[in-house]
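Coordinate inspection notes
Take a look at the letters that make up each chain.
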Amino acid sequence: ALVALAGPMANFLIAAGAVGVHSLLGLWTVLPGVANLAFFAVIALNLILAVFNLLPIVPLDGGRIAAGLLPRKIAYEYSKIEPYGFFAVMLLVMS
């Protein structure tokens with residue numbers, strides 16, 4: 001569960017770092033519109049990826065975290081749906 005948490009946490013840290021850099025640069029100079037848009041894109045994309053990756057569907061990190069937190073017997077049964085999880089993820093992405 002801790003290893004699976006590393007991916008979403010990296011996304012949150014990248015977003016936080018981009019907010020920090022944008023704030024520091026904004027104090028010293030007026031950023032052009034393209035730079036603001038780039039920072040917004042980095043922040044938004046990483047937050048969306050982190051939240052999406054935390055969904056409790058087995059191929060995603062959220063599913064691995066959920067399986068790690070469940071009792072062993074229930075986690076084993078939960079892990080049996082992994083072959084179908086890809087289709088669930090694709091359905092979410094397409095909708």
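Residues numbered from 1 in each chain as written. Predicted model: local features only at pLDDT ≥ 70, side-chain atom pairs only at ≥ 80, totals over all residues. Heavy atoms only, no water.

**Focus: the overall build of the protein**
Within the protein, the regular secondary structure consists of five helices and zero strands. The order of α-helices and β-strands along the protein, N terminus first, is α-α-α-α-α. Taking 95 residues into account, the globule formula puts the C-alpha radius of gyration at 12 Å, and the protein, at 18 Å, lies well above it. Seen through its principal axes, the protein has C-alpha atoms that stretch 55 × 30 × 10 Å. Buried residues in the protein amount to 25% of all 95 residues. Put simply, 55% of the contacts in the protein that link residues at least 6 apart link residues at least 24 apart. Accessible area for the protein stands at about 6,700 Å²; split by element, carbon and sulfur atoms hold 79% of it. (Helix = DSSP H or I, 4+ residues; strand = E, 2+ residues; numbered from the N terminus. Rg over C-alpha atoms; globule rule 2.2 N^0.38 Å. Buried < 20%, exposed > 50% of the residue type's maximum accessible area, 1.4 Å probe, protein only. Contact = heavy atoms within 4.5 Å. Areas by Shrake-Rupley, 256 points an atom, 1.4 Å probe, with all protein chains shown as cover.)

**Examining the environment of G26**
When you line up the elements, G26 lands in helix α1 (residues 2–28). Considering only alpha carbons, one finds G26 and P71, 45 residues apart in sequence, at a separation of 48 Å.

**Topic: the pattern of salt bridges**
Pairing between side chains of opposite charge can happen when their charged atoms approach one another. Across all of its chains, the model carries two salt bridges by this definition. Between E82 and R64 there is a salt bridge whose closest N-O contact spans 2.9 Å. In this pair, E82 is assigned in helix α5 (residues 82–94) and R64 in helix α3 (residues 61–69), connecting sequence segments 18 residues apart. K80 serves as the salt-bridge partner of E77, at 3.5 Å between the closest nitrogen and oxygen. (Salt bridge = Lys/Arg side-chain N within 4 Å of Asp/Glu carboxyl O.)

**Topic: a nonpolar patch on the surface**
On the surface, I81, Y84, F86, F87, M90, V93 and M94 cluster together into a nonpolar patch covering about 820 Å² of accessible area. In this structure, I81 sits in the loop between α4 (72–79) and α5. (Patch = residues over 30% accessible without salt bridge, like charges linked within 9 Å, V, L, I, M, F, W, Y side chains within 5 Å.)

**Describing the environment of L60**
Structurally, the position occupied by L60 is in the loop between α2 (33–53) and α3. Note: C-alpha distance between L60 and L92 (32 residues apart in sequence) is 12 Å. Dropping the residues within four chain positions of it, L60 is found in contact with F52, N53, L55 and V89.

**Topic: α2**
Under the 1.5 Å per step criterion, the end-to-end length of α2 is 30 Å for 21 residues, consistent within 8% with the ideal 30 Å. Taken together, the buried positions of α2 are F39, I43, N46, A50 and N53. Mapping the buried residues of α2 onto a view down its axis gives an arc of 120°, with all of them on the same face. Relative to its buried face, α2 has exposed residues pointing more than 90 degrees away, namely G33, V34, L37, F40, I48 and V51. (Expected span 1.5 Å × (residues − 1). Arc of directions from axis to C-beta.)

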